[in-house]
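# Topology and contacts: notes
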Amino acid sequence: MATIIRMPSVLAGANEAAIGKWLVKPGDLISEGSPFAELETEKAVVEYNAEVSGTIGRLVIPEGGSGEIGAPIAVLIEAGETEADIDAVLGGEGGAVAETPAAAPAEPIAVAVEVSVSPTSSPIAAPIATPVAVVAAGGRSFASPIARKLARERGLDLSSLHGSGPGGRIVRRDVDSAPALPTTTATSQEVVPAAQGSVEIPHTGMRKAIARRLTESKSTVPHFYLTTECKVDALLTLREQINAYSTVRVSVNDLVVKAAAMAFVDVPDANVTWTDTALIRHGSVDISVAVSTDGGLVTPVVRNITNKSVSAVSAEIKELVGRAQEKRLKQDELEGGSFSISNLGMYGTLEFAAILNPPQSGILAVGAAKDQPVVIDGQLTVAKIMRCTLSADHRAVDGALAAQWLAAFTNRIENPVSLLV
């Protein structure tokens, strides 16, 4: 019988998602694991792969439409099944399907039609029909959720846009094609400065999600912090030697990620996360790397790092960072991971403490490497010192265990040849 495909829970904490782009069409035969759709959330555009095989009978939500997690988005059919079978299986949902751009508004509407008048034409020239903006009697524009979100972020007035979606609804492409607002010293998300000179920047969906998760982490997870100072002269020398021969240019952060992973090989008891019923000890080392984007912070996961070369880790991080900036990360690239690394050393920050990324049990905050006096074998000398602060969840990792892991990390950094063998 016909099978409903539902909106997946693409990201932790997301309540709804929008169909950014369908990668299939009715009549297509799909297989499990094949690309199915691009889903837009507050944080990223996620490529969703089919979880079952079959033939596409109907796409319930058109591009630009959105639905809550669990809402029907498509229907698969078997040989011989018809539109009536699709209607029947969707009817079993109680008629409650996801919001789509084609949904007709219940309120009376007034349709605003743009009139195109050339400079040489008469003021009473016949109007030329163009895409319309659908406006409720109360003045509210009908737009898909993703279009409303983007318009808010860019400071656009929906009533000034013209909808090209079904029924004249405003969809994402209408917002993307809208003329940019005049630039000021503020960003496109800012409103006109008040008389006192302050500006109001509306919250983006991503910023709200970040605020919610970090507030939850800081208020519910018992953080504690340990700091180490690593001598990185040998690490920097090794990096130069690798880059002299490698086709992939390795950064200090790539080596830090590899060293953190190898420290879990040295102290495997630290590779755990807390749940209400048990500790989960992870069989592989999967590390989230914090990436700053225009909309906020995302943390794609580099998996199974201990079995990859430094060059392979570097190439994977670069690829993930590039797609993070474009908001084109895949679903599984944003989920999982037992540990995070946040590096602000490139900004000159010497030392900081990071907030845990739940449900992970640890995050390493990496500062800049600076020359400073040190005593080595009883002699005063100058070395490059990098300060790193470990934030840990005390429910999962005790202080002594965290100290063992940090010592192992420091040893790996100061003896970087160990990262190559």
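Above: the structure in question.
This report concerns the structure included in the present document. Predicted model, so just to flag it, every value in this text is computed and none were measured.

For helix H7 (residues 310-325), spanning 16 residues, the distance from its first C-alpha to its last is 23 Å, which sits close to the expected 22 Å at 1.5 Å a residue. Inspection of H7 places Val 310, Val 313, Ser 314, Ile 317, Leu 320, Arg 323 and Ala 324 among the buried residues, and these make up the whole buried set. Where H7 is buried, its residues contact helix H6 (252-266), strand E14 (287-289), strand E15 (291-293), strand E16 (296-298) and strand E17 (301-302). Phi turns positive, to about 55 degrees, at Lys 327, one or two residues after H7.

The subject of this paragraph is the sheet that holds E14. An order of E11-E20-E19-E18-E14-E17 is seen for the six strands of this open sheet, with the pairing classed as mixed. Taken across any chain shown, the strands that pair with only one partner, and hence form the sheet edges, are strand E11 (223-231) and E17. Note that E14 and strand E18 (residues 339-343) share three bridges and pair parallel. Each bridged residue has a counterpart across the sheet, and for Ser 288 the counterpart in E18 is Ser 340. Across the sheet, helix H8 (residues 399-414) lies against E11, E18, strand E19 (362-376) and strand E20 (379-393), angled at about 25 degrees from E11, the strand it touches most.

Now for the environment of Thr 306. On the secondary structure map, Thr 306 appears in the loop between E17 and H7. Once the C-alpha coordinates of Thr 306 and Leu 419 are considered, the two residues, 113 residues apart in sequence, prove to be 9.2 Å apart. With residues near it in sequence (within four places) discarded, Thr 306 still touches Lys 258, Ala 261, Met 262, Val 265 and Val 285.

Two measures describe an aromatic ring pair: the distance that separates the ring centres and the angle between the ring planes. Evaluation of the coordinates by the stated rule reveals six aromatic pairs. Here Trp 22 and Phe 36 contribute two aromatic rings whose centre-to-centre distance is 5.5 Å and whose plane-to-plane angle is 90 degrees, an arrangement assigned as edge-to-face. One end of the pair, Trp 22, is in strand E2 (residues 16-22); the other, Phe 36, is in strand E4 (residues 35-40), and 14 residues separate them in sequence. Of the two residues, Trp 22 and Phe 36, neither departs from the other in class, the shared state being buried. Note on Trp 405 and Phe 409: the rings are 5.6 Å apart at their centroids and 10 degrees apart in plane angle, and the pair reads as stacked.

Reading the values: the criteria
Residues numbered from 1 in each chain as written. Predicted model: local features only at pLDDT ≥ 70, side-chain atom pairs only at ≥ 80, totals over all residues. Heavy atoms only, no water. Helix = DSSP H or I, 4+ residues; strand = E, 2+ residues; numbered from the N terminus. Expected span 1.5 Å × (residues − 1). Buried < 20%, exposed > 50% of the residue type's maximum accessible area, 1.4 Å probe, protein only. Contact = heavy atoms within 4.5 Å. Pairing = 2+ DSSP bridges. Axes fitted to C-alpha atoms, helices over the stretch in contact; angles between N-to-C directions. Phe/Tyr/Trp six-rings, centres within 6.5 Å; stacked < 30°, edge-to-face > 60°.

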